[in-house]
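Here are the chains, one letter per residue:
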Amino acid sequence: MKKTILFFLMLAGTFFISYFYHAEVYRFLLDQYYSRAYPDRSYMGRALKLYETGKYAELKEFCEPLIFVYSGDNELKRLAGMNYIRLGEELKGAELYASAIDGETGGFDAAKVIKILYYNRSYGDLLAFYNRRILVDNMDMAYYYGVSLLMME
C-alpha cells in the first residue's frame, strides 16, 4: 500500500515538474541537437543557402527552432526577419529584424524594414534604428525618423 502511494506521488511529481519546466528542457534538448548537428554555427551556411535559393518556407521551418535556442544570434534573426518579409509576414519580419540591429546594420534591408515599421505605426521600433544612427544621413529615411519622433511625443 505504501509503495503504491509512493509510486503515485512520484508520478504526480514527475508530471508537475515536466509541466512547469518543459520549455527549459525543450531548449536544452534542442541546444544539444544543434550543437552536434551543426558545430561552430554551420547552421548559418545552410540558412543562407536556403535564402539564396529562394526556399523561404523551408527556411522558416529551419529557423524557428534555431531562434528559440540561439536567441542572441543577431545574424540569424536578421536573416529570419528578411525571410518573413519575403513570405509576406512583413510586420513580424521587420520586428524580428529590428530586434537584431547593431551598429553594422544598414543598406537596402534596413531601409525596407524602416518603411515597413513606419507604415505599420511601430514608431518605437523605428526609433531604435535612429538611436543607433542607422541610415541617419539618408534623406529618404530622415522623413520616417522625423515623423516617428513627432508621433512619439
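All figures in this text were calculated on a predicted structure; none of them were measured in a lab. (Residues numbered from 1 in each chain as written. Predicted model: local features only at pLDDT ≥ 70, side-chain atom pairs only at ≥ 80, totals over all residues. Heavy atoms only, no water.)

Enquirer: Requested: an account of the overall build of the protein, with residues and values cited.
Expert: For the protein, the count of helices and strands is 9 helices and 0 strands. Scanning the protein from its N terminus toward the C terminus, one meets helices and strands in the order α-α-α-α-α-α-α-α-α. Over its C-alpha atoms the protein spans a radius of gyration of 21 Å, topping by over 25% the 15 Å that the globule rule assigns to 153 residues. C-alpha extents for the protein along the principal axes are approximately 80 × 40 × 25 Å. (Helix = DSSP H or I, 4+ residues; strand = E, 2+ residues; numbered from the N terminus. Rg over C-alpha atoms; globule rule 2.2 N^0.38 Å.)

Enquirer: Explain helix α5 (residues 74-86) residue by residue, including any values.
Expert: The end-to-end C-alpha separation of α5 is 18 Å, in line with the 18 Å expected for 13 residues at 1.5 Å each. Burial in α5 covers these residues: L76, K77, R78, L79, A80, G81, M82, N83, Y84 and I85. Between the side-chain oxygen at the start of α5 and the backbone nitrogen of E75 there is a gap of 3.4 Å, and the oxygen is on D73. Just downstream of α5 lies G88, where phi reads positive at about 100°. (Expected span 1.5 Å × (residues − 1). Buried < 20%, exposed > 50% of the residue type's maximum accessible area, 1.4 Å probe, protein only. Polar contact = N/O pair within 3.5 Å; in protein donor to acceptor, adjacent residues only side chain to side chain.)

Enquirer: I'd like a description of the side chain of D73, backed by residues and values.
Expert: Its location among the elements puts D73 in the loop between α4 (56-69) and α5. Reaching out from D73, the side chain makes a polar contact with the side chain of Y43 at a distance of 2.7 Å. Beyond its immediate sequence surroundings of up to four residues, D73 is in contact with R41, Y43 and M44. (Contact = heavy atoms within 4.5 Å.)

Enquirer: Run through the packing of helix α8 (residues 123-131) against helix α9 (residues 139-152), naming residues and quoting values.
Expert: In contact at an axis separation of 9 Å, α8 and α9 are set at 125° when each is read in the N-to-C sense. Taken together, α8 and α9 sit at an angle that is classed as oblique. Once α8 is placed against α9, the crossing between them reads as left-handed. Of α9, the residues touching α8 (which contributes Y123, G124, L126, L127, F129 and Y130) are Y144, Y145, S148, L149, M151 and M152. Taken together, the residues of the contact of α8 with α9 break down into 10 nonpolar, 2 polar and no charged. (Axes fitted to C-alpha atoms, helices over the stretch in contact; angles between N-to-C directions. Parallel < 35°, antiparallel > 145°, perpendicular 65-115°, else oblique. Left-handed = near helix turned anticlockwise from the far one by under 90°. Nonpolar A, V, L, I, M, F, W, Y, C, P; charged D, E, K, R; others polar.)

Enquirer: Hey, could you go over the environment of L96 for me, with residue numbers and the actual values?
Expert: For L96, the position within the fold is in helix α6 (residues 90-98). Judged by its relative accessible area of 16%, L96 is buried. Along the sequence, L96 and S148 sit 52 residues apart, while their C-alpha atoms lie 19 Å from each other. Not counting residues up to four positions away in its chain, the partners in contact with L96 are I67, K77, A80, G81 and Y84.

Enquirer: If you had to explain the nonpolar core to someone new, which residues and values would you point to?
Expert: Core analysis: the biggest nonpolar cluster contains 42 residues, and Y43, F62, V113, F129 and Y145 have the highest contact counts within it. Those elements giving two or more residues to this core turn out to be α2 (22-37), α3 (43-52), α4, α5, α6, α7 (108-119), α8 and α9. In terms of residue count, the dominant contributor to this core is α7 (7 residues). Each residue touching Y145, except ones within four places of it in the same chain, is listed here: I114, L126, L127, F129, Y130, I134, L135 and V136. (Core = buried A, V, L, I, M, F, W, Y, C linked by side-chain atoms within 4.5 Å.)

Enquirer: Can you break down the environment of D125 residue by residue, with the values?
Expert: With respect to the secondary-structure elements, D125 resides in helix α8. Here D125 falls in the partly exposed class, since its relative accessible area comes to 32%. Counting along the chain gives 31 residues from D125 to A94, while the straight-line C-alpha distance between them is 9.1 Å. If near-sequence neighbours (up to four positions away) are discounted, D125 is found in contact with E95, A98 and L117.

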